[in-house]
Structure formats: C-alpha cells, structure tokens
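For reference, the chains in residue letters:
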Amino acid sequence: SLFAVIADAVEKSEIEQAKDVEESKDESTTEETKEESSSLGWYDSQKDTFTIESEDDLVLLAEIVNGTAEDAAGNKVQDSFKGKTIVLADDLDLEGVEINPIGTKENPFEGTFNGQNNKISNLSIISENDYQGLFGYNKGTIKKLYIKGSVTGANYVSAVAGYNTGKIQSVK
C-alpha cells in the first residue's frame, strides 16, 4: 500500500538523520578533545618527560605549576611536576616576554628542570612580592642552565630560585 511505502521512507529518513547527528557528535567531541589538548600546548598529564622549545612553552610551564593555566573548557590546570622531567631544548630569549616565577609557596615546582646547558637570556621580573626568580619556589631539581637577566622583589629573590629547598646543580 502507498501508506506503508511512505511510512517506511519516513522511518528510513529518521534513521539516517539520527546517524548524521551521531556522526556530528563524534566529530565535535574529537575536535573538542584536540582543542582542549592544544590549549595546553606541550602538556599532557599522562607523560613524565616534557620538552620546552619556546618562550611560550616556558610561560605555560609557569602557568601550569602555579595553577593559573586553563584548558579549553576553562578548567584550571595545576601540576607540580613531581617525578617528572622538563628538558630545555634550546636557548631562550625572554626579551619582552612577561613571565611569572615558576612555582609559588602554595604550588611549588617539584620536578626536575634540565637546561641541557642552554641559556635563558633577558629574564626580567619586577615585583614587590616574595619568592621571585625564574623559579619562585623550588622543591625540585634545577640543573645545567645559564640564566642572564634581572629580578627584583621583596624577600627571597634570586635569578635562579627565590626560595629553594630542592637542588640546584651547574646553574650559572
């Protein structure tokens, strides 16, 4: 009957529309996941070794340690990097780059930062706060790094680490 043919066609159309909606959801979920991870650049909480390749990467490290980084959904991201290693791939020039010290009293850096004998130049931190330096509050290991620049603050101020209860090795 004509009615049965029309009903069958409508049902098939609804099924195809439902499939299109599901495929669209799958694609948008994949895009959101990609966008979420890309907003945090090189950072993946499941990894234990990370490579800093640019000034922006170093700024992101400070934001993640300090707990001010946000993923694409707007959620705060914080990691002390305890048991993890950060490797500096090359020299960085921080001229004109606004960077906060890596680590705070509330959220100290607890990982290993291996500069691989690279240089961070033109570090400029001007603050009236305590715990100022490339690393504000360090409980980890900072090694094989050259730092050139200027740091001012109230108490606990140094080019390398404003406050340190960790290890600093071969840093000039």
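A brief look at the structure comes next. Remember, it's a predicted structure, so these values are computed and weren't measured experimentally.

Within the protein chain, the secondary structure is distributed over two helices and 10 strands. Written out in order from the N terminus, the α and β elements of the protein chain read α-β-α-β-β-β-β-β-β-β-β-β. Considering only residue pairs separated by 6 or more positions, the protein chain has 78% of its internal contacts joining residues 24 or more positions apart. For the protein chain, the exposed surface amounts to about 10,300 Å²; the carbon and sulfur share of it is 43%.

Counting through the fold element by element, D57 comes out in helix α2 (residues 55-66). No salt bridge is formed by the buried D57. Its closest oppositely charged neighbour is K47, at 12 Å. Beyond its immediate sequence surroundings of up to four residues, D57 is in contact with W42, T51 and I52.

L58, L61 and F81 are the most contacted members of the largest nonpolar core, which totals 35 residues. Those elements giving two or more residues to this core turn out to be β1 (49-52), α2, β4 (85-88), β6 (112-126) and β8 (141-152). For this core, the element with the most residues is α2, which contributes seven residues.

With 12 residues, α2 should reach 16 Å at 1.5 Å per residue; the first-to-last C-alpha distance of 17 Å fits that figure. Buried residues dominate α2, accounting for nine of its 12 residues. The set of residues buried in α2 consists of D57, L58, V59, L60, L61, A62, I64, V65 and N66. On its buried side, α2 packs onto β1, β2 (69-70), β3 (76-77), β4, β5 (92-93) and β6.

We now examine the environment of Q132. Along the chain, the position of Q132 falls in the loop between β6 and β7 (135-138). Distance in space between the C-alpha atoms of Q132 and V160 is 8.8 Å, their sequence separation being 28 residues. For Q132, the residues in contact, after removing those within four places along its chain, are P101, I125, S127, V151, T152, G153, Y156, V157, S158 and G162.

Of the voids in this model, the largest pocket is the one considered here, and its volume is about 220 Å³. Taken together, 16 residues form the lining of the largest pocket, with P101, N129, D130, Y131 and Q132 sitting closest to its centre. At three residues, the largest contribution of residues to the lining of the largest pocket is made by β6. Residues that form the lining of the largest pocket fall into these classes: five nonpolar, eight polar and three charged.

Reading the values: rules and limits
- Here the residue index of a chain counts from 1 through its sequence in written order.
- The predicted nature of this model means local features are confined to residues of pLDDT at least 70 and side-chain atom pairs, given and counted, to a pLDDT of 80 or more, with totals for whole chains, interfaces and linings taken over all residues.
- Water and hydrogen atoms play no part in the side-chain values, which are based on all heavy atoms of the structure.
- Numbered from the N terminus, helices here are DSSP runs of H or I no shorter than four residues, and strands are runs of E no shorter than two.
- Contact between two residues is taken to exist if any of their heavy atoms lie within 4.5 Å; hydrogens are not considered.
- In short, Shrake-Rupley with a 1.4 Å probe defines the accessible areas, and a residue's cover is counted only from the protein chains shown.
- Partly exposed residues are those whose accessible area sits between 20% and 50% of the maximum for their type, while under 20% is buried and over 50% is exposed, using a 1.4 Å probe and protein chains only.
- His is not counted, nor are the chain ends; Lys and Arg add positive charge and Asp and Glu add negative charge.
- Take a side-chain nitrogen of Lys or Arg and a carboxyl oxygen of Asp or Glu: if they are within 4 Å of each other, that pair is a salt bridge.
- Put simply, a nonpolar core is a bunch of buried Ala, Val, Leu, Ile, Met, Phe, Trp, Tyr and Cys residues held in one set by side-chain atoms that sit within 4.5 Å of each other.
- To estimate the expected span of a helix, subtract one from its residue number and multiply by 1.5 Å.
- In the cavity and pocket records, a cavity denotes points on a 1 Å grid over the protein atoms alone where a 1.4 Å probe fits but cannot get out, a pocket denotes an open set with protein on both sides within 12 Å along at least 5 of 7 lines, and lining residues are residues with an atom within 4 Å of a point.
- Grid points are joined across faces, edges and corners, and a volume is the space filled by probe spheres set on the points.
- When residues are sorted by character, Ala, Val, Leu, Ile, Met, Phe, Trp, Tyr, Cys and Pro go into the nonpolar class, Asp, Glu, Lys and Arg into the charged class, and all the rest, Gly among them, into the polar class.

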